Structure formats: C-alpha cells, structure tokens
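The chain contents come next:
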2 protein chains.
Amino acid sequence: MPQQTGPRVRAENLKSFCVQVFQKMDIPEEDARITADVLVAADLRGVDSHGVARLRRYVNGLRDGIMRPHPNAQVVTETPATALVDARAGLGQPVAYRAMERAIQKALDVGAGFVTVRNSNHFGIAGYYAMMALELNCIGISMTNAFPLVVPTFGRDAIVGTNPIAVAAPAGQERPFVLDMATSTVPRGKLEVYNRLGKPLPEGWATDETGTPTTDTAQVLENFKRQAGGGLLPLGGAGESHGGHKGYGLALMVDILSAVLSGAAYANLTYPKAPDGKPLPSAIGHFFGAWRVDAFRPVNEFKAAMDDLQRRLRDATKAEGQTRIYIHGEKEYEEAERRSRDGIPLNPIVAADLRAIGEELGVAYEELG
Amino acid sequence: MPQQTGPRVRAENLKSFCVQVFQKMDIPEEDARITADVLVAADLRGVDSHGVARLRRYVNGLRDGIMRPHPNAQVVTETPATALVDARAGLGQPVAYRAMERAIQKALDVGAGFVTVRNSNHFGIAGYYAMMALELNCIGISMTNAFPLVVPTFGRDAIVGTNPIAVAAPAGQERPFVLDMATSTVPRGKLEVYNRLGKPLPEGWATDETGTPTTDTAQVLENFKRQAGGGLLPLGGAGESHGGHKGYGLALMVDILSAVLSGAAYANLTYPKAPDGKPLPSAIGHFFGAWRVDAFRPVNEFKAAMDDLQRRLRDATKAEGQTRIYIHGEKEYEEAERRSRDGIPLNPIVAADLRAIGEELGVAYEELG
C-alpha cells in the first residue's frame, strides 16, 4: 500500500461526518450509518480506494438521481435457504447489509442461506459483508459484479468487472481468515498509483487498445477514459500460459452468481447510459451467503482446526529472502489496529474533497493534527 | 492439451473395462459404474490426467487397503440445507456422486443445498459433480482439497493442494458454463509433459527447493519425489506482484470449505503416513453445493441471459492476432464430441498399463484400431 502523507482523522469522526453528509442527501439515518460504517471500515483496513475517497461519487450519484435515497428495496422471491432482493437503485451498502443479515438468518435457521441483489450500486468492500457472518459462527461469502474494466482472455475490450470474491471464516485464538480479492491481477487504483509515480506497469497487468499486453501506464488509463479498448488483465495475466483464463472464469462466475442469477445487468451492460450520454442507475448485482459451522461440525472443533491451519502456514519454512507467510486478512486486521489507534491517514486530495463536500452541505469536517 | 499418439478406444468399452476391474477389486456394481463414469468423463473431456491414467492408483489403493471397497459411508449431521458425510476411506467417486445428489435434492427442496465429505479419496474431475446440477436447472459447485504440491506465497514448502474449484451453470441455446480449475497456475501433470519434452518451465509455474522461482523442470519433479522443498506456484505466480496471494487464498478457501468444515485432513496433513512410512487412508475432504435457479428467478429468463452473456463474449472484438474468445467448458464439450465420435486416444504408457491391469485381474481389454 502506498504511504499516505495527508492529515490523519479519527475513524469515529470520519464516520460521523459521512453520516451527516448522507443525511443531508436525504438518506434515512439507519442507512446513513450503515453506509458510513462500510466506507470507514475500508479506510481502517487500508483499502483506501474503497473508503471515503468514494464519498464524492455517492454525493454526485444521489444529486444526479442515479442513486435513490428512498428506494424501498423489495424481496422478490424467497425460499427457506434463498432470497432475491430488488435494490431499486438505492445505495449499495444498506441493501447489501440487510441482504447479508437475511442470508445469515437463513443459515441459522436451515444451515445455509443465500441472497442475491439486483438493480444495486457500488457496495464498498466485499469483505465487510462476508465478515458479518463471523460473530454468529458462520462462514460468510460475498461477491459483486462491477463496471467493465477487465478484458476476457484473447479479447480486446473490457467486458467484465474486477468482480471481487470475499470469504470469511472464524477461528479460535487466531484471527479470522478473510479473503477479499478482485478477480483481476490488480485493481484500477493500482494503475493510478503507478501513474502518479510515473512508473511503467509490470508485464501482465493490463493490455493496450489492440488487446496486447503493455507497460504504458498512462496509455491504459487514457484508453479507459476514451473507451478505446484494452483494460486490466484477469488474475493469471494474458493468454492461458499462466492461467489468465482462470481469472477470467472466476470473473464470469461472479457475474453469473451476482447478476445473471439475480436479474441484474451483467458484463458490459452493467453501467448503462441514456441515449443522451447521461449515466443511468447502474443496476449491478450482488451475491451473499452464509454457512452455519455447526450445521457441519462442532464450532470448537472447527475453530481449533482453523487455528492449527494458520499456525502450520505461519510457522512453515520461508522462501529464501522472505521472513513471513501471511494468512488472508492478517495485514488488514493489523492495519485496522494501527489506524484505530493513530487515526486514518487521508490522501491530501481526498481530504480536500471531503472538506469541500462538508462546505457544500454545511457539515463540519474535523481533523486530527 | 498434448497430442496423444497411442491407440484409440471407445468410451463405452473403456467404461465397461473399468467397471469390471472395479468389480474384481470387490467394489459393488453401482459404485463401480459411478467411478468408471467419472473417470471416462475426464478422458472424454480431454482431461487425460484425471481419467483412466489413474486406474492403477485405484487398483493399488484398494489392494493395499488404504481405499476400502465397502466403506459404509455415513451421514454424520444434517439440516434442511446442509449435510456432512463421512466417506470412511471408500473410493472418492461414489461418495462424491451421492453427496452431490443430496445437495441437489436439498436445492430442489429449500432453494440451496451443501454437503461436505470427510475421510475420502481422490474423486476425479471436480467438474463432473458440478455438472450434475445442470439437468435439474440448478447451478452446481464442487471443490476438493488434495495432496500438498503448492507453496504458499513467501513459503518454501508445498503445504496446500492444487485444490480445484468447479462451477457449472445451465444455458438455453448455448452450452452450459463449466469452470473447472486448479487454484495453482498449472497442475503437476503439465510439468510432467514439459519434462518428457525436455523443455524448461515458463517463469511463474514453480519454485525450487529454496522457494525461489525456477525454470528447471526436472529439478522441480525430483524435489517432489524427494520432498526436498519447493513446488507449484499458486494462480498469480510468485510473490504478490501478480496476485499469487490470491491463488494461495483461493486454495485456502477450498481447504477450509472442503476439509476444515468437514473434519477432514487439511493442508499438509492430507495424505498421512504410518510411522513405518507406509501410506494411510488419505482422509481428504470435498465440498458440494447447488442453487436452484428458479428459487431466484424464472429458469427461462436465467437461460436467456446466460445465452446473451456468452454471445456478448464470443462476438466481442478479439485481441490482435487472436481469432476466438472461449467460454469455460466450451473446449471440453467440443473435445467430448470428437472423442465420442472418434474414440479416446490413449497415451501408449497408459494403454500398456490398462492391458496389464486387465491381465492381472482377468478382464478383457478391447481396443479400437
């Protein structure tokens, strides 16, 4: 993660600021609290691209009417283990939070529960929802499709999103396992970091407008803007030699479970535009699920094995020159501890943007020294 | 896939041969039929490494008593949407087949169903079980953990298996989507092909005994034999720059869902040995699941969207120098059509081995010219 050099803010202050901003945008208080909590959770965990850096987009989306403050989300179909929810173009976070709650309740009732959501918006970090399962001794899973930025294997144009998969499983003495990964090699934000530093891209991250792998950072970002072709490569890179078709397949799996199964917009239908070029509601889809651990085996046995699995990995011999083998989620838990204690370092551009939003809406923006 | 140059056999003949071999090894007829069908399905689909090439290992496993012909597999726990089955060291295929049947029945009953299996053996291709969901208009998922061959990111030794994930979703006019992928960059069989050809490995496939990426094919295979360290790299390759930690995370996810959740042996506990060095029953775990499509949305709507998704990808502009964008499963369906028509080309070593097994057990082995 790139070092941030801007001001530091307390998580609680940032959250309270976001709640007030959302309320000024006519979001009901509970929805505002949920959305703020998901955003600031990203900043705490060090996933800066998915935190308050996106507040401007939400404010604009609500202002432009492509996100609705009172969507009246509805359960369309329901069975003991499944449900489909229509988000009706509301903010992604509140509908996602409640869909995951419903999936967990079903897991508590019948062993496993799955809820898909259609006609939704960006929901923040996928890991947040998977992690909601942990305190109820469930394994959680969460996916979403997203704006098309990734080229399919042998294709020229971006047709699938970075379509993330998150899975969280509880442990005993050790921290929970939390996998939260885009199915592309890297997210778009990583290219922006390289661009700011004027660095060429490593081979295998992106392709140019002919679909050929490239190291030209600025060109790839320019092509995104102009929709000129090319894009991010799926996990595994270009072609099939290093498994790029697997990353592409995982992205399709996410598209199918999140969007085709729910009736949301999939692939490059995801973020439609009106004939006059103005954006329409994004209509993306999410997928949430939970398995109750003790529907399979006693929780204490499961947790003891999770601890042992982690210790086995952590204590294993390291590759030459390496000092640590990580478990997924570990870095983010450590970062969240640091940032809870020391404050969240904000990118100066993001900080300025938050201050501007505060001034526009008449919400006080507080900073720590 | 490497071109096979040996004799060709008809799928039905190969299947009938395997059924008789298994029956000679005291496997009940129905179990023998299931196991033969799963093996020959791999050969039909072009996944030669997982087909009858493994028959010798099953025969030896049964002979040595580490696979039991009459295991009396038992349901340990059950809820409306879940079950745990103890395979009691029987062949992987029959218990996997019935576990998937049970998961599908639960999906038909309550919308979704998940069955984990513990104390099992190699079950063949993961895709076979996921595909069982298709004809009942369900989406299927199947995973298994496996012998440790893959090094965790920054680690020196193989601790996780190639832990495959398979997902199958029905379509309308188009073929079903069938993703069936190891979570390593390549499977071990690919290294064996390179070794036979005397070719160096591409960078990013494997590491040497210090955990450093290597292109020395023979050395990696030798290190496997001697358990000297190193192994296959997870999808995404070495380190984190190209997402190797994501492939490693997916492998752990499979280990957790298949083995930690079921009470099977996970990580490098998977294939234990007795104090005298003799192998013990493998005790691996599987994970099966199904979602009933119309628990979410009408089947015809889902299938129409699956068709459209596939056409959108297939008809998209190709990268420079490329002529085709594939959908997952497409290559295997085409290969199965070819091989059903023309016979299955057997590797000469495999053919000789089958003939030897036939002679040992008194089963006639028939070949097509």
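Shown above is the structure to which this text applies.
Attention in this report is confined to the structure presented alongside it.

What counts and how
- Residues numbered from 1 in each chain as written.
- Chains lettered and ligands numbered in written order.
- Predicted model: local features only at pLDDT ≥ 70, side-chain atom pairs only at ≥ 80, totals over all residues.
- Helix = DSSP H or I, 4+ residues; strand = E, 2+ residues; numbered from the N terminus.
- Rg over C-alpha atoms; globule rule 2.2 N^0.38 Å.
- Buried ≥ 20, exposed ≤ 12 C-beta atoms within 10 Å, placed from the backbone.
- Contact = placed C-beta atoms within 7 Å.
- Nonpolar A, V, L, I, M, F, W, Y, C, P; charged D, E, K, R; others polar.
- Core = buried A, V, L, I, M, F, W, Y, C linked by C-beta atoms within 7 Å.
- Least-squares fit on C-alpha atoms with pLDDT ≥ 70 in both.
- Pairing = 2+ DSSP bridges.
- Axes fitted to C-alpha atoms, helices over the stretch in contact; angles between N-to-C directions.

Turning our eyes to something else, we now look at the overall build of chain A. Across its full length, chain A holds 11 helices and 12 strands. Relative to the compact-globule value of 21 Å for 369 residues, chain A shows a C-alpha radius of gyration of 20 Å, a close match. Along the first, second and third principal axes, the C-alpha set of chain A runs to 55 × 50 × 50 Å. By the burial criterion, 58% of the 369 residues in chain A qualify as buried. Intrachain contacts of chain A at a sequence separation of at least 6 include 63% that bridge at least 24 residues.

Turning our eyes to something else, we now look at the interface of chain A and chain B. Size of an interface, as often reported, equals the accessible area lost when the parts are brought together. Across the boundary between the two partners, chain A contributes 69 residues, which contact 69 residues of chain B. Elements supplying a minimum of two residues to the side of chain A that touches chain B: β3 (82–86), β4 (112–120), β6 (165–169), β7 (177–181), α8 (244–260) and α9 (299–314) of chain A. A per-class count over the side of chain A that touches chain B returns 35 nonpolar, 24 polar and 10 charged.

Counting residues in hydrophobic clusters, the biggest one holds 253 residues, and the most contacted among them are Cys18 of chain A together with Cys18 of chain B. For Cys18 of chain A, the residues in contact, after removing those within four places along its chain, are Ala36, Leu39, Val40, Val52 and Leu55 of chain A.

Moving on, we come to the relation of the copies chain A and chain B. Both copies of the chain are related through a single rotation about an axis accompanied by a shift along the same axis. Expressed as a screw operation, the relation of chain A to chain B combines 0.0 Å of axial shift with a rotation of 180 degrees, fitting to an RMSD of 0.0 Å. The superposition of one copy onto the other is thereby described by a two-fold rotation axis. Taking C-alpha positions as reference, the residue of chain A nearest the rotation axis is Gly236 of chain A, located at 2.5 Å. When you check the interface residues of chain A against chain B, 100% turn up at the interface there too, and the contact is symmetric in its surfaces.

Attention now moves to the sheet that holds β3 of chain A. Residue and element names in this part refer to chain A. With mixed pairing, the 7 strands of this open sheet are ordered in space as β2-β3-β4-β11-β5-β6-β7. Both edges of this open sheet fall to β2 (74–78) and β7, since each of them pairs with a single strand only. Adjacent strand axes in the sheet meet at a mean angle of 15 degrees when their direction is disregarded. As judged from the 5 bridges shared by β3 and β4, these two strands associate in the parallel manner. Pairing of Ala83 across the sheet is with Val115, part of β4.

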